[in-house]
Amino acid sequence: MELNRRSLLAAIGAGTAAALTGCGTGTGTSAAGSADGPAEGEITLLTPIYEGAKGKKLLEGDILGGFRKKYPDVKVNVDYTTYDQLNEKITTGLAGGLLPDVLMMGVGWIPPFAAKGAIAELPEKLAKAHDYEKRVLEPSRHDGKLYALPVVLDTRIVVYRKDHFAEAGIRKTPANWSELRAVAKQLTTKGRVGFDPFSINLRQCWETFLFANGGQLFSADGRKPLFTDARGVESLQFFKDLVADGSADYARKTDTGAPSNVQTGQGSMMMTTSALWVQVKEQNPELIEQDKLGSFVLANRRPAMLQGGTLVSQSASSRHPAAARALVQYLATPESILGAAQQRGSVPGLRDLSDTPYVKENQFVDLSLKNLQHAVSEGGTAAWMEIREKIVPTLEPAIVGGQSAKDAIAELGRLAEAAIGRM
């Protein structure tokens, strides 16, 4: 699969213009304002969210139902996928000149696909259409230009068991890694880990620790990896130290959707997302009713909260750019955003929605919104789509095997430099 993806990326780099011409109308949509005209025609939306029967009903019934009323001359076909398959699906479509008209993609994805000419620049006025929280729009830009609008945010925070803290006589949450390590040791008992950092994606977890340690992924121009310094190494070493203490265990990570270690009581703290609130509400509502869960933002040299999420963009090769632009705007309205956030347990990035009952009821979302000034996003280089896939397999041997944190980070740096050099 890696060879196929690499060959696709090479083909895209050499022949993007030809690929786009094969699906376009010749009018061009790379410049803001090129989607002027009536919204009409049949378009396709590619999305990795709105999962399951409930998600499909929300999207096709409620959200697109409202869109059809506003734009009766536009027909929308939905192509559902997963985040695991999304990158390959987009790169395959780009290489074949058959990109969907509207694409939903992750934070960090905009620079790579904007650099390839896959997505259209959006008018800057759309950035002011709603009252976005500060920095929420940053991942939607490339070279200072707007290419996407945020739909939902997914933050990475620490959730803990208040009852475990109380039983151990711990009265405040850790303010730095030294305190976190000490508290994790104190909370670890037979059959229970004090801290579970591994039940979210290792890439996202390490990045959160990197940012909290004052580190960065890449230089401002995206041409140089910066995570290879001491702060990147220390972030990975901290995981090894937790495992050595016995207060974390890579083998005890839980699968997405399965009851987490914090839910079952087999973990006292864990790295997770705001979506855990919805999962707990469905699987263990007594933990919420009895106020047994708390949350805090990871901190060491600085507080840091990884901000992921889903953005919506317009294909640069759409045959119906006005219709595609209209759908992009509609999916980013407060009503559409609130529906998607509620379904996923995600964070809405609009100030208009910060006082809604949904936000006030989901304590993890509320914490995230109050700490968006500490949010940092992954990505930052046009080579991100290749680099992101290397992070977990490169760092994992330092946790489950004998490789040193320094060697693992150095190897990841070499892979990143090679990927950037190929751009």
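Structure's up top.
Residues numbered from 1 in each chain as written. Predicted model: local features only at pLDDT ≥ 70, side-chain atom pairs only at ≥ 80, totals over all residues. Heavy atoms only, no water.

K.L.:
Any chance you could explain the overall build of the protein here in plain terms?
P.N.:
Looking only at helices and strands, the protein features 17 helices and 10 strands. Against the compact-globule benchmark of 22 Å for 423 residues, the protein has a radius of gyration of 22 Å, which places it among compact chains. Dimensions along the principal axes, computed over C-alpha positions, put the protein at roughly 65 × 45 × 35 Å. Of all 423 residues assigned to the protein, the portion counted as buried reaches 57%. For the protein, long-range pairs separated by at least 24 residues make up 76% of all intrachain contacts whose partners lie at least 6 apart in sequence. (Helix = DSSP H or I, 4+ residues; strand = E, 2+ residues; numbered from the N terminus. Rg over C-alpha atoms; globule rule 2.2 N^0.38 Å. Buried < 20%, exposed > 50% of the residue type's maximum accessible area, 1.4 Å probe, protein only. Contact = heavy atoms within 4.5 Å.)

K.L.:
Any chance you could explain the environment of Asn176 here in plain terms?
P.N.:
Along the polypeptide, Asn176 turns up in the loop between helix H5 (162–167) and helix H6 (177–187). Sequence separation of Asn176 and Arg302 is 126 residues, and the distance between their C-alpha atoms is 8.5 Å. When near neighbours in sequence (up to four residues on either side) are disregarded, Asn176 contacts Ala299 and Asn300. Of the polar contacts made by the side chain of Asn176, one reaches the backbone nitrogen of Ser178; its length is 3.1 Å. (Polar contact = N/O pair within 3.5 Å; in protein donor to acceptor, adjacent residues only side chain to side chain.)

K.L.:
What is the right way to look at the pattern of salt bridges in this model?
P.N.:
Working definition: two side chains of opposite charge can pair if their charged atoms are close together. As enumerated under the stated definition, the model contains 23 salt bridges in all. Here Lys360 and Asp366 are joined by a salt bridge, their closest N and O atoms 3.9 Å apart. In the salt-bridge network here, residues are joined through shared partners; they are Arg181, Lys185, Asp241 and Asp245. (Salt bridge = Lys/Arg side-chain N within 4 Å of Asp/Glu carboxyl O.)

K.L.:
Help me understand the side chain of Asp154, please; the structure alone is not making it clear to me.
P.N.:
Take Asp154: it is sitting in strand S6 (residues 148–161). Asp154 gets classed as buried once you look at its relative accessible area, which sits at 10%. Here Ser346 takes part through its side chain, which lies 2.7 Å from a polar atom of the side chain of Asp154. Sequence-distant contacts of Asp154, that is, excluding residues within four places in its chain, are made with Leu306, Gln307, Gly308, Gly309, Arg344 and Ser346.

K.L.:
Where do I start with helix H7 (residues 202–212) in this structure?
P.N.:
Since one α-helical turn is 3.6 residues long, residues separated by three or four positions face the same way. Taken across its 11 residues, H7 has 11 buried, putting it largely inside the fold. For H7, every residue scored as buried is listed here: Leu202, Arg203, Gln204, Cys205, Trp206, Glu207, Thr208, Phe209, Leu210, Phe211 and Ala212. A distance of 2.7 Å separates the backbone nitrogen of Arg203 from a side-chain oxygen at the start of H7, and that oxygen is part of Asn201. Remark: Gly214 follows H7 within two positions and exhibits a positive phi of approximately 85°.

K.L.:
Is there a simple way to explain the nonpolar core in this structure?
P.N.:
Taken as a class, soluble globular proteins show a tendency for nonpolar side chains to be buried jointly. Ranked by internal contacts, the top residues of the largest apolar core, which has 68 residues, are Trp206, Phe209, Leu236 and Met269. When residues no more than four places from it in sequence are discounted, the contact partners of Phe209 are Trp177, Leu180, Phe195, Ser235, Phe238, Phe239, Met271 and Leu298. Counting residues in each nonpolar core, the second largest holds 60 residues, with Ala39, Ala127, Leu293 and Ala324 among its members. (Core = buried A, V, L, I, M, F, W, Y, C linked by side-chain atoms within 4.5 Å.)

K.L.:
Before we go on, may I ask you to explain the pairing of strand S9 (residues 305–314) in this structure?
P.N.:
Regular strands place side chains that alternate from one sheet face to the opposite one. When you tally the buried positions in S9, you get 10 out of 10 residues, the bulk of the element. Residue alternation in S9 divides its side chains into two sets, Met305, Gln307, Gly309, Leu311 and Ser313 and Leu306, Gly308, Thr310, Val312 and Gln314, and both sets are buried. Where strand S3 (residues 102–106) lies against S9, five bridges are found, and the strand directions are antiparallel. Bridging from a neighbouring strand, Leu103 pairs with Ser313 of S9. The sheet contact formed by S6 and S9 spans eight bridges and is antiparallel. Of the residues in S9, the one forming a bridge with Thr155 is Gln307. Relative to strand S10 (residues 375–376), S9 is paired through two bridges, and the arrangement is parallel. Note on S10: the bridge partner recorded for Met305 is Ala375. (Pairing = 2+ DSSP bridges.)

K.L.:
Would you mind showing me how to read unusual backbone geometry here?
P.N.:
One non-glycine residue, Asp143, lies in positive phi territory at about 55°. For Asp143, the location among the structural elements is in the loop between strand S4 (141–142) and strand S5 (145–146). We note that Asp291 has phi near 55°; this positive angle belongs to a residue other than glycine. For Asp291, the position within the fold is in the loop between helix H11 (285–289) and strand S8 (293–296). Since its relative accessible area comes to 41%, Asp291 is described here as partly exposed.

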